[in-house]
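Chain residues, written in single-letter form:
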Amino acid sequence: MIVMKIHLLFLFTVILLSCSKQHKLSEFADGKGNGIVGKWKLVLQGKNDAEKENYYVSFDSTGAVTASDFSCSGTFTFDEKGNEDPKSKNLVVSFTNCVSNAPTVWYSIKGAANARLENNDNTLVLNNFDCDEGCSRTFRRLK
């Protein structure tokens, strides 16, 4: 009887863990994206995992942007073709009348960066060439 309970507990644990991994993967979009418009989550800072930062950015079709570190919306411009020159700053985000509601973080979306969309427009990679260490930021589109 005890052996059967141990087997059932083991089986339950395996099922629970596999469900939680599927849930984590399913938070991200996997079909064809819609350019930069949508909600994004920071997943990498350089080569380091950044999901624990819980940093989110949303771009809408009117040119408005919201970010986790600002209490109000800002504006953005994005030239998808401008990423061909790696030193171009084809994404510009400003929060003119906003005050950051968090300490300044280097991975903030505010400012100008070279941006490119990858993986069916579901991955957004930002590079800032003014940074000494090639401070790339990678975002994944959320469903």
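These remarks concern the structure in this document. (Residues numbered from 1 in each chain as written. Predicted model: local features only at pLDDT ≥ 70, side-chain atom pairs only at ≥ 80, totals over all residues. Heavy atoms only, no water.)

## What to know about unusual backbone geometry
Residue Asn120 is not a glycine yet carries a positive backbone phi of 60°. Topologically, Asn120 is positioned in the loop between β7 (111–118) and β8 (123–127). Overall, the relative accessible area of 45% leaves Asn120 in the partly exposed class. (Helix = DSSP H or I, 4+ residues; strand = E, 2+ residues; numbered from the N terminus. Buried < 20%, exposed > 50% of the residue type's maximum accessible area, 1.4 Å probe, protein only.)

## Some words on the state of the cysteines
This structure, assessed with the given rule, holds one disulfide. Each disulfide pairs two cysteine sulfurs, and for Cys72 the partner residue is Cys98, the sulfurs being separated by 1.6 Å. In this structure the cystine formed by Cys72 and Cys98 twists about its S-S bond by roughly -135°; its chirality is therefore left-handed. Of the two residues, Cys72 is situated in the loop between β4 (64–67) and β5 (74–78) and Cys98 in the loop between β6 (91–94) and β7; the sequence distance between them amounts to 26 residues. By relative accessible area, Cys72 is classed as partly exposed at 29%. (Disulfide = S-S within 2.5 Å.)

## Quick word on the packing of aromatic side chains
Using the criterion set out here, one finds four aromatic pairs in the structure. On the numbers, 4.8 Å between centres and 70° between planes, the contact of Phe59 with Phe76 is edge-to-face. Of the two residues, Phe59 sits in strand β3 (residues 56–59) while Phe76 sits in strand β5, which places them 17 residues apart along the sequence. For the residue pair Phe59 and Phe76, the accessibility class agrees, reading buried in each case. Geometrically, the ring pair formed by Phe70 and Phe95 is stacked, given 4.0 Å between the ring centres and 5° between the ring planes. (Phe/Tyr/Trp six-rings, centres within 6.5 Å; stacked < 30°, edge-to-face > 60°.)

## Focus: the pairing of β3
Of the two faces of β3, only the one carrying Val57 and Phe59 is buried; Tyr56 and Ser58 on the other face are not. With four bridges connecting them, strand β1 (residues 38–45) and β3 associate as antiparallel partners. Counted as the bridge partner of Lys39 is Ser58 from β3. Taking the residues that link successive antiparallel strands as the turn, the β3-β4 hairpin has four residues, and the phi of Gly63 there is positive, at about 95°. (Pairing = 2+ DSSP bridges.)

## A word on the nonpolar core
Counting residues in hydrophobic clusters, the biggest one holds 23 residues, and the most contacted among them are Phe59, Leu91, Ile109, Leu124 and Phe139. Counting residues per element, the ones that place at least two in this core are β1, β3, β4, β6, β7 and β8. A total of three residues in this core trace back to one element, the largest contributor, which is β7. Not counting the four nearest positions on each side in its chain, Phe59 is found in contact with Ile36, Val37, Gly38, Trp40, Ala64, Val65, Phe76, Leu91, Val93, Ile109 and Leu124. (Core = buried A, V, L, I, M, F, W, Y, C linked by side-chain atoms within 4.5 Å. Contact = heavy atoms within 4.5 Å.)

The values are spatial; any link to function lies outside them.
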